[in-house]
Amino acid sequence: MAKVLVIYGTTEGQTAKVSQHVADVGRRLGHDVDVCHAADLGDDFALDAYDAAFVGASVHEGRHQRYLVRWVKDHAGWLKTHPSAFFSVCLAAASPFPEEVEDAEAIIDRFAARTGWFPSSRTLVAGALRYSQYNWLKRMVMKQIAKKEGGDTDTSQDHEYTDWNALTEWGEHFYRGLAA
Ligand SMILES: Cc1cc2nc3c(=O)[nH]c(=O)nc-3n(C[C@H](O)[C@H](O)[C@H](O)COP(=O)(O)O)c2cc1C
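Sequence positions are assigned chain by chain, starting from 1 and proceeding in written order. In view of the model being predicted, local features appear only for residues whose pLDDT reaches at least 70, and side-chain atom pairs are presented and counted only at 80 or more, with totals across whole chains, interfaces and linings using the full set of residues. Each side-chain value is worked out from all heavy atoms of the structure, with water and hydrogens disregarded.

**Looking at the packing of helix α2 (residues 66-74) against helix α4 (residues 98-115)**
Interaxial distance between α2 and α4 falls to 9 Å at its minimum, and their mutual angle equals 50 degrees. What the angle tells us is that α2 and α4 run oblique. From α2, Leu68, Val69, Val72 and Lys73 reach across to α4, where they touch Phe111, Arg114 and Thr115. Here the nonpolar group is Ala, Val, Leu, Ile, Met, Phe, Trp, Tyr, Cys and Pro; Asp, Glu, Lys and Arg are the charged ones; every other residue, Gly included, is treated as polar. Here the residues of the contact of α2 with α4 are counted per class, giving 4 nonpolar, 1 polar and 2 charged. Throughout, an axis means a line fitted to C-alpha atoms (over the contacting stretch in the case of helices), and angles, computed between N-to-C directions, take values from 0 to 180 degrees. The helix and strand labels rest on DSSP assignments: H or I over at least four residues marks a helix, E over at least two residues marks a strand, and numbering proceeds from the N terminus. In what follows, roughly perpendicular refers to angles from 65 to 115 degrees, roughly parallel to angles under 35, roughly antiparallel to angles over 145, and oblique to any angle outside these ranges. Contact definition: two residues touch when any of their heavy atoms are within 4.5 Å.

**Observations regarding a positive patch on the surface**
Candidates for patches are residues over 30% relative accessible area with no salt bridge; among them, like charges are joined within 9 Å and nonpolar side chains (Val, Leu, Ile, Met, Phe, Trp, Tyr) within 5 Å. Reported accessibility uses the Shrake-Rupley method at a 1.4 Å probe radius. Residues are deemed covered only where the shown protein chains occlude them. We count a salt bridge whenever a side-chain nitrogen from Lys or Arg sits within 4 Å of a carboxyl oxygen from Asp or Glu. The charge count includes Lys and Arg as positive and Asp and Glu as negative, but it does not include His or the ends of the chains. For the purpose of locating charges, the reference atoms are NZ of Lys, CZ of Arg, CG of Asp and CD of Glu. There is a patch of like positive charges on the surface, built from Arg63, Arg66, Arg70, Lys73, Arg110 and Arg114. When contributions to the positive patch are tallied by element, the ones reaching two or more residues are α2 and α4. Here the element with the most residues in the positive patch is α2; it accounts for 3 residues. As for its position among the elements, Arg110 is in helix α4.

**Quick word on helix α5 (residues 136-149)**
Its 14 residues place the ends of α5 20 Å apart at the C-alpha level, agreeing with the 20 Å of an ideal helix rising 1.5 Å per residue. To sort residues, take the accessible area from a 1.4 Å probe on protein chains only and compare it with the maximum for the residue type: under 20% means buried, over 50% means exposed, and anything in between is partly exposed. Every buried residue belonging to α5 is among Met142, Ala146 and Glu149, and all of these are buried. With its buried residues spanning 65 degrees around the axis, α5 presents them on a single face. Opposite the buried face of α5, at more than 90 degrees from it, the exposed residues are Trp136, Leu137, Lys147 and Lys148. Looking at the buried side of α5, the elements it contacts are α4 and β7 (128-129). A positive backbone phi angle near 75 degrees is found at Gly150, which sits one or two residues after α5. Expected helix span is given by 1.5 Å per residue-to-residue step, counting one fewer step than there are residues. Note that the arc is computed from the directions linking the helix axis to the C-beta atoms.

Listed below in structure tokens is the structure:
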């Protein structure tokens, strides 16, 4: 059994939900998993208490949360020397257009170049349109983007695109590697 950290950045909450799912996958396999918001780490947080880590962040306007990027930069040395994996939550991951998915991969490449951490395991996770949490302007902008992309434009409800089974499989693969 390994002690595993899932640390994340989020803006509207979907990456927090994804992180809980990744943690639950590990717990079912018998690991001891903690989930932490990178912007809200307590004074008693100690990275050295962990054997491995997942890092997750969502994409807004082409980049991940600044505080998460900073945290990864500060801890790149640890991440490089421990089993670690990165998941990037965005809407492009659910796009039917291959060039959008390529762009989403390129955003991870830039994240790696900026932080100095090139995770050996990484994945794109389709996020959500959480219209209920956007202000009026953001709701209109996101509706226009969704329309262009063939996504959901009914702003009276939220729409989730996360493929929970694919996420489970990806997580299981990483956790099994820890046991090996
Ligand atoms: C203002 C705004 C900008 C966004 N920009 C992008 C983007 O550049 N690329 C993308 O693929 N998704 C983009 N998204 C979609 C988010 O990545 C998606 O909603 C994700 O689920 C957000 O995760 P979070 O709730 O953890 O912050 C954007 C969403 C918002 C609200």
